[in-house]
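# Inside the fold
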Amino acid sequence: MENTRNETAHETAQKIAFLGLGNMGLPMARRLLDAGHPLTVWNRTPGKADALVADGAVRAADPAEAVAGADVVITMLADPAAARAVAETMLPALRPGTHWIDTSTIGPDAVRELTDRLPEGVTLIDAPVMGSVDRAATGELLIFAGGDTPPVAAVLDRLGTVTPCGGPGTGAALKLVLINAVIGGVALIGEALALTDALGLPRELALRTLGAGPLAGAVGRATATGVHFPVALAAKDVALATAATEAKLPILEAVHQALTRNPALAAEDLAAVVTQ
């Protein structure tokens, strides 16, 4: 009876194409494969797909091949330039009725641009996520979704908890608000610890007392282990925020300068700005 249920679930599950198998994309794709979705995968570095292919996923040679025949397309890419490059190849191959979920952090302007380029009958849901590789692996991401989410609700639920935000671009907008608050908080903890050192106080004392107050979340992220959000991607997210509005954001501009001051930290986790 169990085999029959699994076979039925596999027959009815939406066919998914997953593009972008980096630190976040790989565990997200794994959860969908383990849930029984027929899965086709593509990554710029093909070897990243080896483990998924060994367990039943299909490797595509390019984005167009990956999305052919898919019910749902999911992208997890580094930045707006990467999203545009993939879209250039992928969009002509999308069939009417396909739902494209972009989980990347590319900002509302890029989402609107890509929405304007969609073929007839294709929808784009902007669904950027909060959480690192640990939460991606356990399906505990926070997902901020803009657009028509009901047709892909089961897929999104497998990845995490969904917060509907409104129309297209609103998920991308809320993600910028939240991730920049986090990044700014971690940068502030870094400066607080620099002041701690200058005043001759023990760091453990400062962290313990900071963690007992309203900055507890920032302290937790600044001292977290087992997570990986590269400084370069954090800098990208801050740059997206400062470019998205004409409002002055002097604190975030200063944070961006701090994040880009030392190129050697680019591939390190965000917490490196505290320990440098």
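As a starting point, this report considers the structure included with it. (Residues numbered from 1 in each chain as written. Predicted model: local features only at pLDDT ≥ 70, side-chain atom pairs only at ≥ 80, totals over all residues. Heavy atoms only, no water.)

## As for helix α9 (residues 170-198)
A turn of α-helix holds 3.6 residues, and therefore any two residues three or four places apart point the same way. Over its 29 residues, α9 extends 42 Å from the first C-alpha to the last, a length consistent with the 42 Å expected when each residue adds 1.5 Å. Gly200 lies just past α9 and shows a positive phi near 75°. (Helix = DSSP H or I, 4+ residues; strand = E, 2+ residues; numbered from the N terminus. Expected span 1.5 Å × (residues − 1).)

## Some details on the pairing of strand β1 (residues 16-19)
Each regular strand carries side chains that alternate between the two faces of the sheet. By the alternation rule, side chains of β1 split into Ile16 and Phe18 and Ala17 and Leu19, which are all buried. In this fold, β1 hands off to helix α2 (residues 25-34), which returns the chain to strand β2 (residues 39-42); that crossover is right-handed. Pairing geometry for β1 and strand β4 (residues 72-75), over four bridges, is parallel. In the strand pairing of β4, Phe18 is matched with Ile74. (Buried < 20%, exposed > 50% of the residue type's maximum accessible area, 1.4 Å probe, protein only. Right-handed = clockwise from strand over helix to strand, strands pointing away. Pairing = 2+ DSSP bridges.)

## Here's the deal with the packing of α9 against helix α13 (residues 250-260)
Close contact between α9 and α13 brings their axes to 10 Å; oriented N to C, the two are set at 65°. Handedness of the α9/α13 crossing: left-handed. Contact with α9, carried on its side by Asn180, Ile183, Gly184 and Ala187, involves Leu252, Val255 and Leu259 of α13 and no other residues of that element. Taken together, the residues of the contact of α9 with α13 break down into five nonpolar, two polar and no charged. (Axes fitted to C-alpha atoms, helices over the stretch in contact; angles between N-to-C directions. Left-handed = near helix turned anticlockwise from the far one by under 90°. Contact = heavy atoms within 4.5 Å. Nonpolar A, V, L, I, M, F, W, Y, C, P; charged D, E, K, R; others polar.)

## Remarks on the packing of helix α6 (residues 107-116) against α9
With their axes 7 Å apart at the nearest point, α6 and α9 run at an angle of 165° to one another. The angle between α6 and α9 falls in the class roughly antiparallel. Of the two elements, α6 crosses α9, and the hand of that crossing is right-handed. Residues Gly107, Pro108 and Val111 of α6 form the contact with α9, whose participating residues are Ala172, Ala173 and Leu176. Class assignment of the residues belonging to the contact of α6 with α9 gives a composition of five nonpolar, one polar and no charged. (Parallel < 35°, antiparallel > 145°, perpendicular 65-115°, else oblique.)

## A look at the side chain of Ser104
By secondary structure assignment, the location of Ser104 is in the loop between β5 (99-102) and α6. Reaching out from Ser104, the side chain makes a polar contact with the backbone nitrogen of Leu77 at a distance of 2.8 Å. There is a polar contact of 2.8 Å between the side chain of Ser104 and the side chain of Asp102. Not counting residues within four places of it along the chain, the set of residues in contact with Ser104 comprises Thr75, Met76, Leu77 and Pro128. (Polar contact = N/O pair within 3.5 Å; in protein donor to acceptor, adjacent residues only side chain to side chain.)

## A word on the pattern of salt bridges
This structure, assessed with the given rule, holds 12 salt bridges. Between Arg95 and Asp71 there is a salt bridge, with its nearest N and O atoms 2.7 Å apart. Residue Arg95 is found in the loop between α5 (80-90) and β5, and its partner Asp71 is found in the loop between α4 (63-67) and β4; the two are separated by 24 residues along the sequence. Among the residues examined, Arg95 registers a relative accessible area of 33% and is labelled partly exposed. Since its relative accessible area comes to 23%, Asp71 is described here as partly exposed. (Salt bridge = Lys/Arg side-chain N within 4 Å of Asp/Glu carboxyl O.)

## Side note on the side chain of Asp237
Inspection of the secondary structure puts Asp237 in helix α12 (residues 231-243). Beyond its immediate chain neighbours, meaning those up to four positions away, Asp237 contacts Thr105, Leu176, Ile179, Asn180, Ile183 and Phe229.

## With respect to the nonpolar core
Judged by nonpolar contacts, the single largest core of 28 residues is most densely connected at Phe18, Met28, Leu39, Val41, Ile74 and Ile101. Residue assignment for this core shows that the elements contributing at least two residues are β1, α2, β2, β4, β8 (141-146) and α8 (153-159). Tallying contributions element by element places α2 first for this core, with four residues. Among the nonpolar cores identified, the runner-up in size contains 26 residues, and Met130, Val186, Ala272 and Val274 belong to it. (Core = buried A, V, L, I, M, F, W, Y, C linked by side-chain atoms within 4.5 Å.)

## Quick word on a nonpolar patch on the surface
Where nonpolar side chains cluster on the molecular surface, the patch consists of Leu195, Leu199, Leu201 and Leu205 and spans about 370 Å² of accessible area. With respect to the helices, strands and loops of the structure, Leu195 is situated in helix α9. (Patch = residues over 30% accessible without salt bridge, like charges linked within 9 Å, V, L, I, M, F, W, Y side chains within 5 Å. Areas by Shrake-Rupley, 256 points an atom, 1.4 Å probe, with all protein chains shown as cover.)

## Side note on α13
All buried positions along α13 are accounted for by Leu252, Val255 and Leu259. Axial view of α13: buried residues confined to an arc of 55°, hence all on one face. α13 presents Pro250 and Gln257 as exposed residues on the side facing more than 90 degrees away from its buried surface. Where α13 is buried, its residues touch α9, α12 and α14 (272-275). (Arc of directions from axis to C-beta.)

## Let's talk about the environment of Val182
Structurally, the position occupied by Val182 is in helix α9. We classify Val182 as partly exposed; its relative accessible area is 29%. Setting aside anything within four residues of it in sequence, one finds Val182 in contact with Met130 and Arg221.

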